Amino acid sequence: MKKILFGILGAGFLFVVVVGLAGVSTYNGLVNRSQAVDAQWAQVQNVYQRRADLIPNLVATVSGAANFERSTLTEITAARASVGKVQLSPGGSPTAAQLVEFEKAQGQLSTALSRLLVVTENYPALRATDGFHTLQAQIEGAENRIAVERGRFNDASLSYNSAIRRVPAVFFAAALGFKEKAYFASTPGAETPPAVKFDFSKPATAQ
């Protein structure tokens, strides 16, 4: 009887050890995946910040062109300012609600930038300057980097979100504070290029 009892206890102990090791391994894996999402979010912010840092020089260069539409510069300056007002959690990736607010502000800035670059097509003298040409190329490069890093962020979030739903993580992930990460989504209407209208009926205003 004692041998049977010791056998049962031994088997129980071994089961607990195996489950414990599996739990620790799963927990560490989730931590790594969560950190990967946070690290990729930091990179997303980095490329957005790079674009924002280019804007003052771009606006200064464009504003020096004679007869350039002041409203276009005002719009892009206001859009850049609104981006800085978005409140995000310090450290870590944003919540779904924060990401929506972040995307909205960044989308407004992207639209303003697109309009600015399209409007400049009407100013060949401006487009011919080395300074503007360089800034335009940098802005376009920043947009490409943003698209790449957003995609990588979504990939990291997908990997993490899938992990917390798989067995055995699904049984204790929520209790240990592992919550689903948000994704970037396409802004409604993003597939439609911004409308640009020129009003040549009004006299140009000197800057």
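First, a word on scope: everything that follows refers to the structure included in this document. Everything quoted here is computed from the prediction, not taken from an experiment.

**Points about the side chain of Gln 106**
Take Gln 106: it is sitting in helix 3 (residues 96-119). Exposure remark for Gln 106: the relative accessible area of 5% places this residue in the buried category. Polar side-chain contacts of Gln 106 include one of 2.7 Å to the side chain of Arg 51. Leaving out residues up to four positions away in the same chain, Gln 106 has contacts with Tyr 48, Arg 51 and Val 83.

**Some remarks on helix 3**
For helix 3, which comprises 24 residues, the first-to-last C-alpha distance of 34 Å matches the rise-based estimate of 34 Å (1.5 Å per residue) to within 8%. Among the residues of helix 3, Gln 98, Leu 99, Phe 102, Glu 103, Ala 105, Gln 106, Leu 109, Ala 112, Leu 113, Leu 116, Leu 117 and Val 119 are the ones counted as buried.

**Quick look at the packing of helix 2 (residues 70-84) against helix 3**
At a closest axis distance of 8 Å, the pairing of helix 2 and helix 3 adopts a crossing angle of 155°. Classified by the angle between their axes, helix 2 and helix 3 sit roughly antiparallel to one another. Like other packed secondary-structure pairs, helix 2 and helix 3 cross with a definite hand, here left-handed. Of helix 3, the residues touching helix 2 (which contributes Thr 72, Leu 73, Glu 75, Ile 76, Ala 79, Arg 80, Ser 82 and Val 83) are Ala 105, Gln 106, Gln 108, Leu 109, Ala 112, Leu 113, Arg 115, Leu 116 and Val 119.

**Section: the packing of aromatic side chains**
All told, the structure shown has seven aromatic pairs when counted by the stated rule. For the pair Tyr 48 and Phe 102, a centre-to-centre distance of 5.2 Å together with 85° between the ring planes defines the contact as edge-to-face. Pair noted here: Tyr 48 is in helix 1 (residues 2-63) and Phe 102 is in helix 3, with a separation of 54 residues, a long-range link. For the pair shown, Tyr 48 and Phe 102 are each scored as buried. Aromatic ring contacts, followed pair by pair, group Trp 41, Tyr 48, Phe 102, Phe 153 and Phe 184 into a single cluster. Above the ring of Tyr 160, the side-chain terminus of Lys 181 is found at 5.4 Å from the ring centroid.

**Quick look at the pattern of salt bridges**
Proximity of charged atoms lets side chains of opposite charge pair with each other. Applying the stated rule across the entire model yields six salt bridges. With a shortest N-O distance of 2.9 Å, Arg 165 and Glu 180 are connected by a salt bridge. You can see Arg 165 sitting in helix 5 (residues 130-165) and its partner Glu 180 sitting in the segment after helix 5, a full 15 residues away along the chain. Using a relative accessible area of 46% as the deciding quantity, one classes Glu 180 as partly exposed.

**Things to note about the packing of helix 3 against helix 5**
Put simply, helix 3 and helix 5 touch, their axes get as near as 12 Å, and they point 145° apart. For the pair helix 3 and helix 5, the crossing hand works out as left-handed. Mapping the contact onto sequence places Glu 103, Ser 110, Leu 113 and Leu 117 in helix 3 and Phe 132, Gln 136, Ile 139, Glu 143 and Arg 150 in helix 5. Among the residues forming the contact of helix 3 with helix 5, the class breakdown is four nonpolar, two polar and three charged.

Cut-offs applied
- Residues numbered from 1 in each chain as written.
- Predicted model: local features only at pLDDT ≥ 70, side-chain atom pairs only at ≥ 80, totals over all residues.
- Heavy atoms only, no water.
- Helix = DSSP H or I, 4+ residues; strand = E, 2+ residues; numbered from the N terminus.
- Buried < 20%, exposed > 50% of the residue type's maximum accessible area, 1.4 Å probe, protein only.
- Polar contact = N/O pair within 3.5 Å; in protein donor to acceptor, adjacent residues only side chain to side chain.
- Contact = heavy atoms within 4.5 Å.
- Expected span 1.5 Å × (residues − 1).
- Axes fitted to C-alpha atoms, helices over the stretch in contact; angles between N-to-C directions.
- Parallel < 35°, antiparallel > 145°, perpendicular 65-115°, else oblique.
- Left-handed = near helix turned anticlockwise from the far one by under 90°.
- Phe/Tyr/Trp six-rings, centres within 6.5 Å; stacked < 30°, edge-to-face > 60°.
- Lys NZ or Arg CZ within 6 Å of the ring centre and 35° of its normal.
- Salt bridge = Lys/Arg side-chain N within 4 Å of Asp/Glu carboxyl O.
- Nonpolar A, V, L, I, M, F, W, Y, C, P; charged D, E, K, R; others polar.

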